[in-house]
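Structural description and commentary
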Amino acid sequence: MRKYEVMVIIDPDTDDRQVSPLLEQYTKVITDAGGSIENVDVWGKRRLAYEIQKKTEGIYAVINLTATPEAVQEMDRLFGINEQVMRTKVLRPDAH
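These numbers were taken from a predicted model, which means no experiment stands behind them.

This part is about helix α2 (residues 69-81). The terminal C-alpha atoms of α2, which comprises 13 residues, lie 19 Å apart, in line with the 18 Å expected from a rise of 1.5 Å per residue. Restricting attention to buried positions, one finds in α2 the residues A71, V72, M75 and F79. The buried residues of α2 occupy an angular sector of 100 degrees when the element is viewed end-on, so they sit on one face. With respect to the buried face of α2, the exposed residues turned more than 90 degrees away are E70, Q73, G80 and I81. The inward-facing, buried residues of α2 contact β1 (2-10), α1 (16-32), β3 (55-67) and β4 (85-91).

With that settled, the discussion passes to the pairing of β1. Of the strand pairs in this sheet, β1 and β3 are connected by 9 bridges, and their pairing is antiparallel. Following the sheet pairing, R2 is matched in β3 by A67. Bridge count between β1 and β4: 6 bridges; the pairing is antiparallel. Paired with V6 across the bridge in β4 is V90.

The next thing to look at is the environment of A49. Mapping A49 onto the fold places it in strand β2 (residues 36-52). Relative accessible area serves as the criterion here: at 79%, A49 is assigned to the exposed category. As for A49 and S20, which are separated by 29 residues in sequence, their C-alpha atoms are 24 Å apart.

Rules used throughout
Residues numbered from 1 in each chain as written. Predicted model: local features only at pLDDT ≥ 70, side-chain atom pairs only at ≥ 80, totals over all residues. Heavy atoms only, no water. Helix = DSSP H or I, 4+ residues; strand = E, 2+ residues; numbered from the N terminus. Expected span 1.5 Å × (residues − 1). Buried < 20%, exposed > 50% of the residue type's maximum accessible area, 1.4 Å probe, protein only. Arc of directions from axis to C-beta. Contact = heavy atoms within 4.5 Å. Pairing = 2+ DSSP bridges.

Written out as structure tokens, the structure is:
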């Protein structure tokens, strides 16, 4: 089990009430695999540094979790399939 930080940028047209259920749907992959979610921090709508899919804004969320590399890889794959998710970035904060 390793610690990870996952940043997700969600389409700005997504309703605010849909953001948490959307994230929970994917974090369930981690908990089902025996991992744990330490924190889910939704930053809200922010301006992007550059356009992604012709959009200048996105809803940012940061998920801190502990899981196996395989579970994180599967979650990232599922995020990539969803059209509401514009970008994901998986980081290992303890690996320097």
